[in-house]
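Fold and contact review
Here's the letter readout for the chains.
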Amino acid sequence: MASTIQVRVDDDLKHDSDRLFKNLGTDTTTAIRMFLKKAVASNGFPFDVTLGDAYNPIKPLTEDEFMSKLQRSREHAAQGKYRDADDVISDMRGKYGL
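**Regarding the side chain of S17**
- Following the sequence through the fold, S17 ends up in helix α1 (residues 11-23).
- Judged by relative accessible area, S17 falls into the buried class, the value being 15%.
- There is a polar contact of 3.1 Å between the side chain of S17 and the backbone oxygen of K14.

Have a look at this one:
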């Protein structure tokens with residue numbers, strides 16, 4: 001038994017994808033079926049899903065970036081711009097109900 005999936009896309013995307021898949025020797029329906037089979041086989045998206053470099057709070061720092069941040073932290077500490085870790089944790093527990 002086969003099921004039908006309906007997807008709404010704008011006309012330009014439909015036209016461009018139809019042309020692309022025709023040039024690849026297939027059609028959009030087959031390409032979508034291939035995508036679904038690959039997603040199931042890989043237990044996820046068959047490609048990376050990322051936000052790019054625009055926002056990555058844990059991206060690796062270069063040595064220069066790290067040293068710059070360390071220097072700024074030391075300057076803040078010397079100016080008294082810091083909080084005790086226990087106070088921060090207590091605030092977080094209160095704010096987030098932890």
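**Overview of helix α3 (residues 63-78)**
- Compared with the 22 Å implied by 1.5 Å per residue over 16 residues, the 22 Å span of α3 between its first and last C-alpha is a close match.
- Looking one or two places after α3, you find G80, whose phi comes out positive at around 80 degrees.

**A few points about a nonpolar patch on the surface**
- Together, I5, V7, V9, L13, I32, F35, L36, F45, F47 and V49 make up an exposed nonpolar region whose accessible area comes to about 970 Å².
- With three residues, the top contributor of residues to the nonpolar patch is helix α2 (residues 28-42).
- Relative to the helices and strands, V49 resides in the loop between α2 and α3.

**Some details on the pattern of salt bridges**
- Enumeration according to the criterion identifies three salt bridges in this entry.
- Of the charged contacts in the structure, one is a salt bridge between K14 and D18, with a shortest N-O distance of 2.6 Å. Here D18 and K14 lie together in helix α1, a separation of four residues that amounts to about one turn.
- Residue classification places K14 among the partly exposed residues on the basis of a relative accessible area of 39%.
- Overall, D18 belongs to the partly exposed group, its relative accessible area being 29%.
- A salt bridge links R19 to D16, with the shortest nitrogen-to-oxygen separation between them at 3.4 Å.

**Quick notes on α2**
- Here α2 is 15 residues long and its end C-alpha atoms lie 21 Å apart, about the 21 Å a rise of 1.5 Å per residue gives.
- Within α2, the full set of buried residues consists of T28, A31 and A39. Viewed along the axis of α2, the buried residues span an arc of 75 degrees, placing them on a single side of the element. Exposed residues pointing more than 90 degrees away from the buried face of α2 are listed as T29, M34, K37, V40 and A41.
- Contact partners of the buried residues in α2: α1.
- Regarding α2, its N-cap is D27, as a side-chain oxygen of that residue lies 3.3 Å from the backbone nitrogen of T29 further along.
- Looking at the residues trailing α2, positive phi occurs at N43, about 60 degrees.

Rules behind the numbers
Residues numbered from 1 in each chain as written. Predicted model: local features only at pLDDT ≥ 70, side-chain atom pairs only at ≥ 80, totals over all residues. Heavy atoms only, no water. Helix = DSSP H or I, 4+ residues; strand = E, 2+ residues; numbered from the N terminus. Buried < 20%, exposed > 50% of the residue type's maximum accessible area, 1.4 Å probe, protein only. Polar contact = N/O pair within 3.5 Å; in protein donor to acceptor, adjacent residues only side chain to side chain. Expected span 1.5 Å × (residues − 1). Patch = residues over 30% accessible without salt bridge, like charges linked within 9 Å, V, L, I, M, F, W, Y side chains within 5 Å. Areas by Shrake-Rupley, 256 points an atom, 1.4 Å probe, with all protein chains shown as cover. Salt bridge = Lys/Arg side-chain N within 4 Å of Asp/Glu carboxyl O. Arc of directions from axis to C-beta. Contact = heavy atoms within 4.5 Å.

No statement about biological role is implied by the geometric values presented.
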